[in-house]
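# Secondary and tertiary structure notes
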Amino acid sequence: MTSDMRPDEDGVVAPTGRRRSPGERVALRGDLRAALPDATAAVVVTALVFALLWARMESGASDTVAVMPFMDDPGTYWMYLLSQAFGWSALLWAWGTVVLGLLLSGPRPARLPVSRQVLERWHRTTSLTTTALMSAHALMFAAELVRYETQVDWAQRLWVAFADTFVPGWYDSGTGRIAIPIGQGALYLAIPLGLLFYVRHRIGANTWRRLHRFVIVVYVLSVWHTLLYGTNVWYGEWPRAVLWLLQLPLAVLLLMRLLRPARRAERLGRPGGGAARPGWWLRAAGRVLAGAVVIGLVVVVVSGRDGGRDRPAHPPATAPHAQETD
């Protein structure tokens with residue numbers, strides 16, 4: 001027996017034979033308006049994180065100061081603190097939007113507090129908010145570099161800050177040589193992948209779905225960037241352990257989504273012959289990889305071996321990188 005309902009190009013279940021008219025398509029302008037409450041909540045969370053980071057720096061408990069003692073002055077380095085606060089809010093919102101996406105595309109829970117349409121709208125608005133927070137994180141980091149480069153004229157300061165922040169491979173100091181390009185990759189993927197939803201009627205629903213799967217890469221790059229460069233989780237202590245622990249439910253949802261996708265066409269089934277066989281093995285490998293990730297996260301959380309550094313008895317006192325000179 002077949003169902004008389006099928007998911008349309010937006011992922012919304014619609015009656016068979018009925019296609020969504022152009023006037024009914026979800027528009028970017030409408031989602032931007034709908035994202036205002038979500039963005040307001042993100043700004044409030046960012047302000048609270050900023051206040052916490054400021055208080056910890058003033059009290060001498062800041063891990064950032066432990067890594068870079070010369071930054072022991074929140075009044076001077078407030079833009080760096082604000083960049084950190086935007087970064088943490090962006091990671092939190094990214095976690096939330098990925099969870100919503102996996103709930104929508106995986107096995108449907110027996111009970112949901114809201115309708116599927118509301119979950120879809122939340123998924124879109126949190127995605128837009130995440131991209132805005134990531135951009136603000138990068139812009140505030142660039143603003144701090146402009147303030148820092150005091151030995152050259154304004155044009156040179158602006159160029160150095162722009163290049164260090166947005167040009168892959170330009171930043172040449174310490175861990176940032178790896179961590180910053182990873183963060184740039186996350187931002188540069190997040191923008192087009194998020195906006196492609198609003199032109200899916202032009203590129204085709206199947207093309208959009210294939211590209212949208214790479215959103216998980218954006219999240220992985222964001223977490224990787226944080227683990228490498230987030231001074232608040234630099235050391236192998238409880239903040240880093242909590243960050244790893246938060247990835248476990250998301251990995252389980254991803255595994256469930258791969259094992260029991262909502263779309264019938266994405267279910268594994270039995271391996272076919274001919275040209276279909278490579279695709280079957282690729283999907284099967286994805287499920288095995290997701291299972292391995294779940295096991296790996298459990299091992300990391302249980303063992304406590306999360307890649308964190310040991311807190312040094314005598315912290316370094318070096319600046320992030322040498323200032324540019326004429």
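Residues numbered from 1 in each chain as written. Predicted model: local features only at pLDDT ≥ 70, side-chain atom pairs only at ≥ 80, totals over all residues. Heavy atoms only, no water.

A few words on the environment of Ala161. Note on placement: Ala161 falls in helix α6 (residues 154–166). Sequence separation between Ala161 and Leu145 is 16 residues, and the spatial gap between their C-alpha atoms is 5.2 Å. The residues contacting Ala161, other than those within four sequence positions of it, are Ala142, Leu145 and Val146. (Helix = DSSP H or I, 4+ residues; strand = E, 2+ residues; numbered from the N terminus. Contact = heavy atoms within 4.5 Å.)

Here we come to the packing of helix α2 (residues 36–59) against helix α4 (residues 78–105). Relative to each other, α2 and α4 sit at 130°, their axes nearing to 8 Å. With respect to each other, α2 and α4 are oriented oblique. Between α2 and α4 the crossing geometry is right-handed. Between α2 and α4, the contacting residues are Asp38, Ala41, Ala42, Val45, Thr46, Val49, Phe50, Leu53, Trp54 and Met57 on the first element and Trp78, Leu81, Leu82, Gln84, Ala85, Phe86, Trp88, Ser89, Leu92 and Trp93 on the second. (Axes fitted to C-alpha atoms, helices over the stretch in contact; angles between N-to-C directions. Parallel < 35°, antiparallel > 145°, perpendicular 65-115°, else oblique. Left-handed = near helix turned anticlockwise from the far one by under 90°.)

Helix packing for two helices is described by the angle between their axes and how far apart those axes are. Running from N to C, helix α10 (residues 215–229) and helix α11 (residues 238–259) point in directions that differ by 165°, and their axes come no closer than 12 Å. Judged by the angle between their axes, α10 and α11 are roughly antiparallel. By crossing handedness, the relation of α10 to α11 is classed as left-handed. Of the residues in α11, those touching α10 at Ile216, Tyr219, Val223, Thr226 and Leu227 are Arg240, Leu243, Trp244, Gln247, Leu250 and Leu254. Considering only residue class, the contact of α10 with α11 consists of eight nonpolar, two polar and one charged. (Nonpolar A, V, L, I, M, F, W, Y, C, P; charged D, E, K, R; others polar.)

Moving on, we come to empty space enclosed by the protein. Using the criterion set out here, one finds two cavities of 30 Å³ or more in the structure. The space that makes up the largest cavity amounts to roughly 540 Å³. Forming the walls of the largest cavity are 28 residues, and the residues nearest its centre are Ser83, Gly87, His137, Gly183 and His225. Here the lining of the largest cavity gets eight residues from one element, more than from any other, and that element is α4. Partitioned by chemical class, the residues of the lining of the largest cavity number 14 nonpolar, 14 polar and no charged. Among the elements that line the lining of the second largest cavity, the one with the most residues is helix α5 (residues 116–148), at five residues. Classifying every residue of the lining of the second largest cavity gives eight nonpolar, seven polar and no charged. (1 Å grid on protein atoms, 1.4 Å probe; cavity = no way out; pocket = protein on both sides within 12 Å on 5 of 7 lines; lining within 4 Å. Points joined across faces, edges and corners; volume = space filled by probe spheres on them.)

For α4, built from 28 residues, the straight-helix expectation of 40 Å at 1.5 Å per residue is met to within 8% by its first-to-last C-alpha distance of 40 Å. In terms of burial, α4 is largely enclosed, as 21 of its 28 residues are buried. (Expected span 1.5 Å × (residues − 1). Buried < 20%, exposed > 50% of the residue type's maximum accessible area, 1.4 Å probe, protein only.)

Attention now moves to the packing of aromatic side chains. On inspection of all chains with the given rule, the structure shows eight aromatic pairs. Seen in terms of ring centroids, Trp159 and Trp170 are 5.3 Å apart; in terms of plane orientation they differ by 80°. Their pairing is edge-to-face. In this pair, Trp159 is assigned in helix α6 and Trp170 in the loop between α6 and α7 (176–195), connecting sequence segments 11 residues apart. Accessibility expressed as a relative area gives 39% for Trp159, which makes it partly exposed. Feature note: the residues Trp159, Phe162, Phe166 and Trp170 constitute an aromatic cluster, connected by ring pairs. Over the ring of Trp154 we find Arg157, and its NZ or CZ is 4.2 Å from the ring centre. (Phe/Tyr/Trp six-rings, centres within 6.5 Å; stacked < 30°, edge-to-face > 60°. Lys NZ or Arg CZ within 6 Å of the ring centre and 35° of its normal.)

Moving on, we get to the pattern of salt bridges. Enumeration over the complete set of coordinates arrives at six salt bridges. The salt bridge involving Glu120 is made with Arg116; its shortest N-O contact spans 3.3 Å. Of the two residues, Glu120 and Arg116 are both situated in helix α5; the distance of four residues between them amounts to about one turn of the helix. Across the pair, exposure class does not vary: Glu120 and Arg116 are buried alike. The partner of Arg240 in a salt bridge is Asp306, with the nearest N and O atoms 3.9 Å apart. (Salt bridge = Lys/Arg side-chain N within 4 Å of Asp/Glu carboxyl O.)

One broad rule of soluble globular proteins: the nonpolar side chains tend to lie buried together. By size, the foremost hydrophobic cluster in this structure holds 42 residues, and its most contacted members are Tyr80, Phe86, Leu133, Met134, Phe141, Val218 and Tyr229. When residues of this core are traced back to their parent elements, those giving at least two are α2, α3 (63–67), α4, α5, α6, α7 and α10. If we ignore the near neighbours within four places in the chain, the residues touching Phe141 are Tyr80, Ser83, Thr165, Tyr171, Ile180 and Tyr229. (Core = buried A, V, L, I, M, F, W, Y, C linked by side-chain atoms within 4.5 Å.)

Time to look at the layout of surface pockets. Estimates place the volume of the second largest pocket at around 660 Å³. Surrounding the second largest pocket, 23 residues form its lining, Trp88, Asn232, Val233, Trp238 and Pro239 being those nearest its centre. Per-class residue counts for the lining of the second largest pocket are 16 nonpolar, three polar and four charged.

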